[in-house]
Amino acid sequence: MLNTDALGYLFKNFALALASACILCACGDGGSASPGSAASSAKSAAAATAGSPYGGTPWPLPGTIQAENFDNGGQNVGYYNAANTNQGGQYRSAEGVGIEASSDSGAGYDVGWTTAGEWLNYTVNVAAAGSYTLQVRVASLGQGGNFHVNVDGAAATSQLTIPDTQGWQNWQTLSSSISLTAGQHVIQLYMDSAGSSGAVGNFNWLAVGSTGPAPDFGPNVLIFDPGMSAAAIQGRLNTVFSQQQSNQFGNARYALLFKPGAYNVDVNVGFYTQVLGLGNSPDDVNITGAVHVEADWDNGNATQNFWRGAENMAVNPSGGLDRWAVSQGSPLRRMHIKGNLALDDGGWSSGGFLADSKVDGQVQSGGQQQWFTRDSQIGSWSGANWNMVFAGVDGAPGGVVWPNPPDTVLATTPLVPEKPFLTIDAGGNYNVFVPALASNNHGASWTSGAAAGQSLSISSFYIAKEGIDTAASINAALSQGKNLILTPGVYHLNDTLRIARANTVVLGLGLATLLPDNGVAAMSVADVDGVKIAGILFDAGPLSSPVLLEVGPTGSSASHAANPTSLHDLFFRIGGATVGKAAVGLKINSSDVIGDDFWIWRADHTYGVGWSSNTAANGLIVNGANVTIYGLFVEHFQQYQTLWNGNGGRVYFYQSELPYDVPDQGSWMNGGKNGYASYKVADSVASHQAWGVGIYCYFSSNSSVKVSSAIEAPASGLNGAMFHNMTTVSLGGVGEITHVINQYGNSANAGSSVVRLAK
């Protein structure tokens, strides 16, 4: 078994001298051994001190014991096993415990064929008295049974239940609190009852780590432990949701963090709420119930279900169906949905983004107008409306001839790193895992073992908090070489946050929001390698900013192909919450940048909205070469929504609405042309590719307004050279898109509201 915190796990017959959190390993198959008798189970306390540690030295705690490294002494001393045989025939073949080779991360061996009344003893040495976190790595094909841990013959934990992990070698981690006194003890893994699988389960490792205080993430990060009662957790979840259900433009922000383990809760996700599992794999956090988004607050209409997210957990949905009825700015990442997934709530929805996930059942798109799915595994897909794009998705619709259905399917994703994410280890230490750059990808990154990447200690991060930190304090930390975590809140800035160091990681939690008050840019990035920025909402202030986020200064020319900057789940807003102004939402001047889910929005409703109020010319300007974006949503800007000046650009999925509030045609002319195209590729660009492009109009202020074309491209980019699978829609027939691309394609208007053009 893998010990993620120690380098020296060399041989199973040597003692592990681990300085920090370790791992106890035991994987195996369900067995047919009969349950132990009452007499045999009573032997556990008597045998608690009778054996000697395997390898000769008590296992140090905090640390890890591999499950197959139970004490010497044989039956009724080091262990009790009803069959008293090694069904797997591996490792300690003369002992009467089933041991087999494991395929869990790190390989090694595991213990299986377990049933009620059996036990395993481990002699340990506890460095200091205290409250600790116990983690146990388990697997089961079918519902597993129950077990608990004794210390010196007395129960030290409550019963833990092994879930159906869907395979004897599909591993999950269970957690519990445990109190230990200093000195030598015997820890016993005791099997209470078998499950419908026929066994208690397989055991990979058991780790005991210190439960030091969590980093100070501030009051809006709620951390849940499987040792907490389900009622207590549910109460806190309900409180957050009741505040955030319809709080579309409020200032409250929340991150809900779940430590590895199993939970029976209903997580209803409202505005500005991010739900995060803290495991290394999504399957380390298991929610039985739901992690879901409904549209009850708007009578089933999910077209305004924005700004929320869920990441890095498994969900076993009650009734077999989970729901994620969302629109833009609401990603699902690193999720394992053990059932079906609905993307609507009976009405329209305008999403959406799914990446690095596994859905065992069917994804039901329903009223979703458009959706982008990347590098995932799904059982099947049902439904399509205007623009569905799949890149690197195992199980994507097959045999598609666009536009019937309007599905764009690409077998692989050319180049992308996954988004950085927060984890906790067995010792209670927080880290941020930064996945490595992957090429020609398909399927989820985590389904075949641990993904490549680097784990950064939380100590390398400056943790900023709303109401305490300013642009000056954050910039001071960045200048000292710190990475940055922005905890949930709205950060009012009087200066630009400057990212100058290569490989800096900036991670927002709970839709952390940056709002420049005095007309400055919210953030700038130097023309350096490998910066990662993720999970931030950029909100324009009342004085117009030249740009909200600028990646690379004007004139940037360095190549970053070997170590590109990546931007994940970044959302931009001009107006809506307040009167906001900015010339440009996002400007990318550096080359080789990878974008992964952008929603760049000039507000069309609520506060500070009007043609002369929330002014903003362009959503996105790309000047750098070889920039790639997966999932690009840009809406309602007053000139080009997207202006692409760099060569070698690639876009996988594009969704855009033109501005609703054009007062009249004379106010919206581009020289002699009616209006501004949504997607403009400059005449100087020689190479560009875009797949799955949907552009819509709804000129509600004046339905006589027209735009000449949805897309403008160089003549050399026509006939499929640049754009593939284009759709234009006049929503309700209100206004007209005269052509799809340049002078080609029919008009979308009241007479024919949907127009499609393959190339």
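As shown above, the structure is provided for reference.
Because the structure is a prediction, the values reported are computed rather than measured.

Caption draft 1: Spatial organisation of helix 3 (residues 471-479). What helix 3 keeps buried is the set Ala 471, Ile 474, Asn 475, Ala 477 and Leu 478. What you see down the axis of helix 3 is that its buried residues fit within an arc of 160 degrees, all on one side. Those residues of helix 3 that are exposed and aimed more than 90 degrees away from the buried face are Ala 472 and Ser 479. The first or second residue beyond helix 3 is Gly 481, which carries a positive phi of 90 degrees.

Caption draft 2: How the structure looks around the nonpolar core. Ranked by size, the top nonpolar core spans 81 residues in total, and within it Leu 486, Leu 514, Met 523, Phe 538, Tyr 679 and Phe 723 carry the most contacts. In this structure, Leu 486 is in contact with Ala 464, Ile 474, Tyr 491, Val 506, Leu 507, Gly 508, Leu 509, Ala 512, Leu 514 and Ile 536, ignoring residues within four places of it in sequence. Within the second largest apolar cluster, 37 residues are counted, among which are Tyr 263, Ile 287, Val 293 and Ala 396.

Caption draft 3: Local environment of the sheet that holds strand 32 (residues 453-457). Here we have 3 strands laid out as an open sheet, ordered 29-30-32, and antiparallel in their pairing. Both edges of this open sheet fall to strand 29 (421-424) and strand 32, since each of them pairs with a single strand only. Along the sheet, successive strands turn relative to each other by an average axial angle of 35 degrees, direction set aside. Sheet topology places strand 30 (residues 430-435) next to strand 32; 5 bridges connect them, and they run antiparallel. Note on strand 32: the bridge partner recorded for Phe 433 is Ser 455.

Caption draft 4: Seen up close, unusual backbone geometry. In this structure, the amide linkage connecting Gly 351 to the following residue, Gly 352, adopts the cis form with an omega of -5 degrees. Within the secondary structure, Gly 352 sits in the loop between strand 22 (340-342) and strand 23 (353-355). Residues Asn 404 and Pro 405 are joined by a peptide bond in cis, for which omega reads 5 degrees. Along the chain, Pro 405 turns up in the loop between strand 26 (387-394) and strand 27 (407-410). At Trp 113, a residue that is not glycine, the phi angle is positive and equals roughly 55 degrees. Along the chain, the position of Trp 113 falls in the loop between strand 5 (109-111) and strand 6 (119-126). The phi angle at Asn 725 is positive, at roughly 65 degrees, despite the residue not being glycine. Relative to the elements of secondary structure, Asn 725 occurs in strand 53 (residues 723-730).

Caption draft 5: Inspection of the packing of aromatic side chains at higher detail. Across all of its chains, the model carries 33 aromatic pairs by this definition. With a centroid separation of 5.8 Å and 25 degrees between ring planes, the pair formed by Trp 348 and Trp 386 is classed as stacked. Pair noted here: Trp 348 is in the loop between strand 22 and strand 23 and Trp 386 is in the loop between strand 25 (370-382) and strand 26, with a separation of 38 residues, a long-range link. Residue classification places Trp 386 among the buried positions, given a relative accessible area of 12%.

Caption draft 6: Just the pairing of strand 43 (residues 594-602), in detail. Here strand 43 lies mainly inside the structure; 9 of its 9 residues are buried. When strand 41 (residues 566-574) meets strand 43, the two strands line up parallel, connected through 8 bridges. Across the sheet, the residue bridging to Phe 571 is Trp 599, located in strand 43. Bridge count for strand 43 against strand 45 (residues 628-635) is 7 bridges, and the pairing is parallel. Note on strand 45: the bridge partner recorded for Gly 595 is Ile 629.

Caption draft 7: A look at the sheet that holds strand 50 (residues 679-681). Here we have 9 strands laid out as an open sheet, ordered 36-38-40-42-44-46-50-52-54, and parallel in their pairing. The outermost strands of the open sheet, each flanked by one partner alone, are strand 36 (497-499) and strand 54 (736-741). Ignoring which end each strand starts from, the neighbouring axes of this sheet average 15 degrees apart. Where strand 36 and strand 38 (residues 523-525) come together, 3 bridges link them in parallel fashion. By the bridge assignment, Leu 497 is partnered in strand 38 with Met 523.

Caption draft 8: Here's a closer look at the side chain of Asn 286. Along the chain, Asn 286 turns up in strand 18 (residues 285-292). One polar contact links the side chain of Asn 286 to the main-chain carbonyl oxygen of Asp 283, over a distance of 2.7 Å. One polar contact links Asn 286 to Lys 338, side chain to side chain, over a distance of 3.0 Å. When residues no more than four places from it in sequence are discounted, the contact partners of Asn 286 are Gln 172, Gly 261, Ala 262, Tyr 263, Ala 314 and Lys 338.

Caption draft 9: A look at the environment of Asn 150. For Asn 150, the location among the structural elements is in strand 8 (residues 146-151). Linking Asn 150 and Ile 223, residues 73 residues apart in sequence, is a C-alpha distance of 27 Å. When sequence neighbours within four positions are dropped, the list of residues in contact with Asn 150 reads Ala 155, Ala 156, Val 186, Ile 187, Gln 188 and Tyr 190. At a separation of 2.9 Å, a polar atom in the side chain of Asn 150 contacts the side chain of His 148. Side-chain polar atoms of Asn 150 contact the side chain of Gln 188, separated by 2.8 Å.

Caption draft 10: Local environment of the pairing of strand 19 (residues 308-317). Taken across its 10 residues, strand 19 has 9 buried, putting it largely inside the fold. With 4 bridges joining them, strand 17 (residues 273-277) and strand 19 adopt parallel strand pairing. Following the sheet pairing, Thr 273 is matched in strand 19 by Arg 308. Judged from the 4 bridges that link them, strand 18 and strand 19 form a sheet pairing that is parallel. When the bridges of strand 19 are listed, Asn 286 appears paired with Ala 314. As paired elements, strand 19 and strand 21 (residues 332-337) share 5 bridges and run parallel to each other.

Caption draft 11: Quick peek at helix 2 (residues 230-244). Between its first and last C-alpha, helix 2 extends 21 Å over 15 residues, near the 21 Å set by a 1.5 Å rise per residue. Looking only at helix 2, the buried set comprises Ile 233, Gln 234, Leu 237, Val 240, Phe 241 and Gln 244. Down the axis of helix 2, the sector holding all buried residues measures 130 degrees, keeping them to one side. Residues of helix 2 that are exposed and point over 90 degrees away from its buried face: Ala 231, Thr 239 and Ser 242. On the buried face of helix 2, the contacting elements are strand 14 (221-224), strand 15 (254-258), strand 16 (261-268) and strand 17.

Caption draft 12: Fine view of the pattern of salt bridges. Tallied over the entire structure, the rule returns 23 salt bridges. Here Arg 573 ties to Asp 539 by a salt bridge, and the two come within 2.6 Å at their closest N and O atoms. Taken together, the residues Arg 573 in strand 41 and Asp 539 in strand 39 (residues 532-539) connect sequence positions 34 residues apart. Across the pair Lys 706 and Glu 736 runs a salt bridge, and its minimum N-O distance is 4.0 Å. Linking Lys 706 in strand 52 (residues 706-712) with Glu 736 in strand 54, this pair joins segments that are 30 residues apart in sequence. By relative accessible area, which is 34% here, Lys 706 ends up partly exposed. Among the ionic contacts, a cluster of salt bridges with common partners joins Glu 311, Arg 333, Arg 374, Asp 375, Glu 418, Lys 419, Asp 569 and Asp 596.

Rules of the game
Residues numbered from 1 in each chain as written. Predicted model: local features only at pLDDT ≥ 70, side-chain atom pairs only at ≥ 80, totals over all residues. Heavy atoms only, no water. Buried < 20%, exposed > 50% of the residue type's maximum accessible area, 1.4 Å probe, protein only. Helix = DSSP H or I, 4+ residues; strand = E, 2+ residues; numbered from the N terminus. Arc of directions from axis to C-beta. Core = buried A, V, L, I, M, F, W, Y, C linked by side-chain atoms within 4.5 Å. Contact = heavy atoms within 4.5 Å. Pairing = 2+ DSSP bridges. Axes fitted to C-alpha atoms, helices over the stretch in contact; angles between N-to-C directions. Phe/Tyr/Trp six-rings, centres within 6.5 Å; stacked < 30°, edge-to-face > 60°. Polar contact = N/O pair within 3.5 Å; in protein donor to acceptor, adjacent residues only side chain to side chain. Expected span 1.5 Å × (residues − 1). Salt bridge = Lys/Arg side-chain N within 4 Å of Asp/Glu carboxyl O.

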